[in-house]
Amino acid sequence: MNKISSLVSICFFFLAIVFNTTLVAQSTLNYTEVSIHFRNGQEHFESKNYEAARAEFNLFLNADKAILEKEDGNKVWAEYYVVMCSLYLQYSETELLANRFVRNYPEHPVAGNLFKEIGNYFFEQGDYARAVDYLKKSPKSDEEAQYRLAISHFSLQEYSEALTIFDEIKVSNSDFGVSSAYYSGIINFRAGKYEIAIPDFKKAEQSATYRSEIPGWLAHSYYRQGKFAEMLAYTEPLLREKNSGRKLEDVALLTAEVYFQQANYEKASTYYTIYKNYKSQGMLPAVAYRYGYSLYKTDQFSPATEQLKNVAAVKDTLGQYAAFILGVCYLKANNPNYALGAFDQARKSNYNKSVTEDSDFNHAKVLLDLNRGNEAIKAFEGFLSKYPDSKYEDEANELVSEAYLSSNNYQAALAYIEGLKRRSTRTNTAYQRIAFNQAVKMYNDERYIDALPYFDKSLTTPVNPETKYAANFWKAEALSADKKYSEAMPIYQSIISSVDNTTPNLFDLQSRSRYSLAYAYYNTKDYTKANQLFREYADRMKSSGDSQAYQDAVIRLGDTYFAAKNYDQALKYYDQAISANKSDKDYATFQKGLVMVLKGNEAGAKSAFQKVQKDYPQSLYVDNAIYQDANIEFTAGRYIPAITGFTKLINDKPQSALIPAALLKRAGAFQNTANHEGAIADYRAILKNYPTEPQSKDALAGIQEELNEVGRPEEFTQILNDYQQVNPNVQTVGLEYESAKGLFYSDKFDKAIPALNNYIRKYPNSIEAYEAKYLVAESYFKLGDKPQALSFYYQVIRDRKYKSVNRAILKAAEIEFASNNFRGAIGNYRNLLTSASDKKDQQTALIGLMESYYQTTKTDSTLYFAREVANSGDVVLGAKSKASLYTGKIYMAKNDYLKAIEAFNQTIAISKDDFGAEAQFLITQILYNQKKYKESSDIIMAKFRNEFADADDKIVGRAFLLLADDFIGLDNMVQARATLNSIIENHPDKNIVADAKIKLKSIEKK
């Protein structure tokens, strides 16, 4: 009924009646030419050739009147067809022709519907203004025409006219009535007449046509009236339906909004979720914010961040609120690095001053939580300056103290806290810890006396019992290190006698105090008390399962018995240590040999000394074992084997400190075997190479005796003169040297150099001259002139007369290494290894060789020395962790990631210092190389704010640069930018900042 073809159907219905009648009446007549025009016009009309049809009908109508009178019925239809052709051809005269037709033929069957059909035509064309002009002339009783007229008014936004007609039709039960109710509801809704619109929508809901649309209209109608209970009663059952086929986006949204307004965030989040599932595109920012806030209030932090992060990216009031809540959600979800970026964004907006302040404070707190101490200090001090009367003032002051603790800037932290007008318990706790850390730092730098005042400062605020006991213990250790045993002993004793079951570290400190107190008694020769305490310590360590500490205590027990001359007991404990097969068994074996000597067990002693030489060739006690073995032969008067033994020591261990003693003993053996020239040669060697050693006096007497024996006493005069030059008048020369040396120890290095060089020129053979050369080298080193320093270090090394020549070797190695002269470094470290007099020098040399070979890309040598370092104990702090770190680096360079990660994890397990931090960073680098960006970023964010918070700035900086790369790999540019901006604003290393700027610039170009 609503198609234009209905007009044609009516036309042909009436035409068929008339035409058939004519055919019957005139069946015996021939058609005239006029009739042919009419018939042609019909055929053209049917084929929609309206231009041709109109021309044929006009030819028909222009025929002779007499002929037309015979075709009177066809004449009316011809005029009708002309009107319709004009309409379809969109001629301007259509309306004039239509009015004339209706006026001329008011009773004709098509006259009453002509305006409706024309109106329908324009309606179908979307020309509602012209449709109105014709449809309003249609009969009022024609429901379809009236409905179309109303729709036309509606489309022209003539709502009042449309509503009048829709209201008349909507009472009908026809389809037009239901549709009219629908449109009436819309018009009333838009006019704010929601109460009137509701029944209209309810009627329209009965129709399948509108059923899917109506829930939104009804929900909005209730919502805008504030009838939330009625709305919820209507919407919630709908939302529980499955596959209802209705459009429920707005229904879900309005339901969520109502519950949000009622602070029922649990239900609000449920319906926002339903709304999200209906949405094919993203939510409006305000809706996403309320959804995210509802999730936040119901502890659904991770989903909340997904909703809030895009809202937070917009720089407006809502964005600032969203950024703040986003930061809180990230914190609750244990993602502080993301929280930092969110709070940073919120604090940089000033739309809401209160939110800005809260965000600023929380930003500083997160920096502290991430152990980014220096940045946290800057942030808190900036906050206190910006908000002098803030509600967070007291807490901020407390946290500044903790930030200083985290930053390791202990002196500044103490000064800050001491300058506060009022101090809370929390601040005093921080002060206690900061003072303790400063003291420990000085202790580790071997500044024992300087550390004592800071231990005392820590003890002035003994809030934390663990720190209190630790401060007391390390204060005693500092006193012991300075040999003030009488002052240290009462402190150790007070820790041992303390009773406190609530403090976990007390048991360990009591055990260590027993050990240290035992050593204090040992060093003051109170061997009975020392023995008792070492025994107590050993018992504790045995029950605790710490085998290394237990075996150490066993050896110390042997030492106390040895010192007390209880040789049988000493042997018992040394044997126990040897059978335990621990790292100090070479020492225990050597000590056993000494005990055997004192007990007169020559065979047992020689067996022990030879075992040290055979089983522990790298031991520091090998040279002494050779010497003692030879000395047994010498003492027994077996001079030939004694000479062999001493010769072995002199030839195999030329750098040993025992060489002067071995030469003196060998000279004596030569004398006793009448080998006068051999004796003279050894005495000369002592006087030439070791003129200031104690053995030189005996050598002077011995050579005089031997020269007399061979009849060359005149040679002694020159030898004596040479000796006196090397050992001049102590009073005069000593004062001159002390004056030059004093300049060095006063840090006046530029003046010390000429003074020391002048002394060397005047007394080139004095023992002080050898030390003076070392001090000249040190002065140049302190002044930053490393080439000149290296020149003098090498002079000291060539002379080999300075008692601490190993220091010069080590310094030369370090300078060569720093200058990338790794071959020179290797030579010096090998020199140090052969001349090492203690385990520390030995391990330092091994570490230096490992690092130097690594730089020369000799992987096999690097791995060899890494294993040597790992097997040599942990005498140098961090030795084992560094060894496993370099092992991992080698495997990483070979792309053997499995072995590399295994080695790096060993480093991390051993150490939480810079070595552990670098190992952890390299693991994340491997993960990044494998495109495991999520795993890499998770480790960086987790580890570099806890275990490795105090790592070197460069390592931390590299880690966070990699974190930015991880975010880029994850296509999370917001966090990538935030990470890089944080580095640029806060990191102290200029190179790291420069790299961050380059990365940020490359991101901005994308």
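Data block above holds the structure.
Definitions and limits used
Residues numbered from 1 in each chain as written. Predicted model: local features only at pLDDT ≥ 70, side-chain atom pairs only at ≥ 80, totals over all residues. Heavy atoms only, no water. Helix = DSSP H or I, 4+ residues; strand = E, 2+ residues; numbered from the N terminus. Rg over C-alpha atoms; globule rule 2.2 N^0.38 Å. Buried < 20%, exposed > 50% of the residue type's maximum accessible area, 1.4 Å probe, protein only. Contact = heavy atoms within 4.5 Å. Lys, Arg positive; Asp, Glu negative; His and termini not counted. Charge placed at Lys NZ, Arg CZ, Asp CG, Glu CD. Axes fitted to C-alpha atoms, helices over the stretch in contact; angles between N-to-C directions. Parallel < 35°, antiparallel > 145°, perpendicular 65-115°, else oblique. Left-handed = near helix turned anticlockwise from the far one by under 90°. Nonpolar A, V, L, I, M, F, W, Y, C, P; charged D, E, K, R; others polar. Core = buried A, V, L, I, M, F, W, Y, C linked by side-chain atoms within 4.5 Å. Patch = residues over 30% accessible without salt bridge, like charges linked within 9 Å, V, L, I, M, F, W, Y side chains within 5 Å. Areas by Shrake-Rupley, 256 points an atom, 1.4 Å probe, with all protein chains shown as cover. Salt bridge = Lys/Arg side-chain N within 4 Å of Asp/Glu carboxyl O. Expected span 1.5 Å × (residues − 1). Phe/Tyr/Trp six-rings, centres within 6.5 Å; stacked < 30°, edge-to-face > 60°.

S.K.: Sorry, what's going on with the overall build of the protein chain here?
M.R.: Helix and strand content of the protein chain: 56 helices and 0 strands. Against the 2.2 N^0.38 benchmark of 30 Å for 1006 residues, the protein chain shows a C-alpha radius of gyration of 52 Å, more extended than a compact globule. Projected onto its principal axes, the C-alpha coordinates of the protein chain cover approximately 185 × 65 × 55 Å. Counting all 1006 residues of the protein chain, 51% fall into the buried class. Considering only contacts in the protein chain between residues 6 or more positions apart, those separated by 24 or more positions represent 51%. In the protein chain, which carries 121 positive and 124 negative side-chain charges, the distance between the mean positions of the two groups comes to 3 Å.

S.K.: Would you take a moment to explain the packing of helix α18 (residues 285–297) against helix α19 (residues 301–312) for this structure?
M.R.: For any two helices packed against each other, one specifies the inter-axial angle together with the distance between the axes. Taken N-terminus to C-terminus, the directions of α18 and α19 make an angle of 155°; their axes are 8 Å apart at the nearest point. With respect to α19, the axis of α18 lies roughly antiparallel. When the axes of α18 and α19 are compared, the crossing they make is left-handed. Contact residues: α18 offers P285, A288, Y289, Y291, G292, Y293, L295 and Y296, while α19 offers F301, P303, A304, Q307, L308 and V311. Across the contact of α18 with α19, the residue classes break down as 12 nonpolar, 2 polar and no charged.

S.K.: Hey, could you run me through the packing of helix α46 (residues 805–818) against helix α47 (residues 822–835) in this one?
M.R.: Contact pair α46 / α47: the axes reach a minimum separation of 7 Å and the direction vectors enclose 160°. The angle between the axes of α46 and α47 places the two elements in the roughly antiparallel class. Taken as a pair, α46 and α47 cross one another with a handedness that is left-handed. Where α46 abuts α47, its residues N806, I809, L810, A812, A813, E814, E816 and F817 lie against F822, G824, A825, N828, Y829, N831, L832 and S835. Tallied by class, the residues present in the contact of α46 with α47 amount to 9 nonpolar, 5 polar and 2 charged.

S.K.: Just to check I follow, could you spell out the nonpolar core for this structure?
M.R.: Inside soluble globular proteins, nonpolar side chains tend to come together where they are buried. Core analysis: the biggest nonpolar cluster contains 262 residues, and F166, Y183, F380, F904 and F944 have the highest contact counts within it. The leading source of residues in this core is helix α5 (residues 72–88), at 11 residues. Listed in part, the 48 residues of the second largest apolar core include A777, Y829, M850 and A883.

S.K.: What is the right way to read a negative patch on the surface from this model?
M.R.: Where like charges cluster on the molecular surface, the negative patch consists of D913, D914, D952 and D953. With respect to the helices and strands, the residue D913 is situated in the loop between α51 (897–910) and α52 (914–929). Given a relative accessible area of 30%, D913 falls into the partly exposed group.

S.K.: Can you help me understand helix α16 (residues 249–261) in this one?
M.R.: Because the α-helix completes a turn every 3.6 residues, residues three or four places apart line up on one side. The end-to-end C-alpha distance of α16, which contains 13 residues, comes to 18 Å, matching closely the 18 Å that a straight helix rising 1.5 Å per residue would cover. Counting buried positions over the 13 residues of α16 gives 10, a clear majority of the element. For α16, every residue scored as buried is listed here: V251, A252, L253, L254, T255, A256, E257, V258, Y259 and F260. Those residues of α16 hidden inside the fold are in contact with α14 (214–225), α15 (228–240), α17 (265–278) and α18. A263 sits one or two positions beyond α16 and adopts a positive phi of about 60°.

S.K.: Explain the environment of T467 here, please?
M.R.: The topology assignment puts T467 in helix α28 (residues 465–481). Placed 200 residues apart in sequence, T467 and A667 show a C-alpha to C-alpha distance of 59 Å. If we ignore the near neighbours within four places in the chain, the residues touching T467 are Q432, R433, F436 and S458.

S.K.: So what exactly am I meant to see when it comes to the packing of aromatic side chains here?
M.R.: Working definition: an aromatic ring pair is given by the centre-to-centre distance plus the angle between the planes. Per the counting criterion, the structure on display carries 71 aromatic pairs. Both rings, one in Y522 and one in Y527, keep their centres 5.6 Å apart while their planes meet at 70°; by these two values the pair is edge-to-face. Judged by relative accessible area, Y527 falls into the partly exposed class, the value being 21%. Between the aromatic rings of Y627 and F646, the centroid separation amounts to 5.6 Å while the plane-to-plane angle is 55°, which identifies the pairing as tilted. One end of the pair, Y627, is in helix α36 (residues 622–635); the other, F646, is in helix α37 (residues 639–652), with 19 residues separating them in the sequence. When sorted by exposure, Y627 lands in the same class as F646, which is buried.

S.K.: Before we go on, may I ask you to explain helix α12 (residues 194–204) in this structure?
M.R.: Taken as a whole, α12 has its buried residues at Y194, A197, I198, D200, F201 and A204. On its buried face, α12 sits against α11 (175–190), α13 (208–211) and α14.

That is the geometry; function is a separate question.
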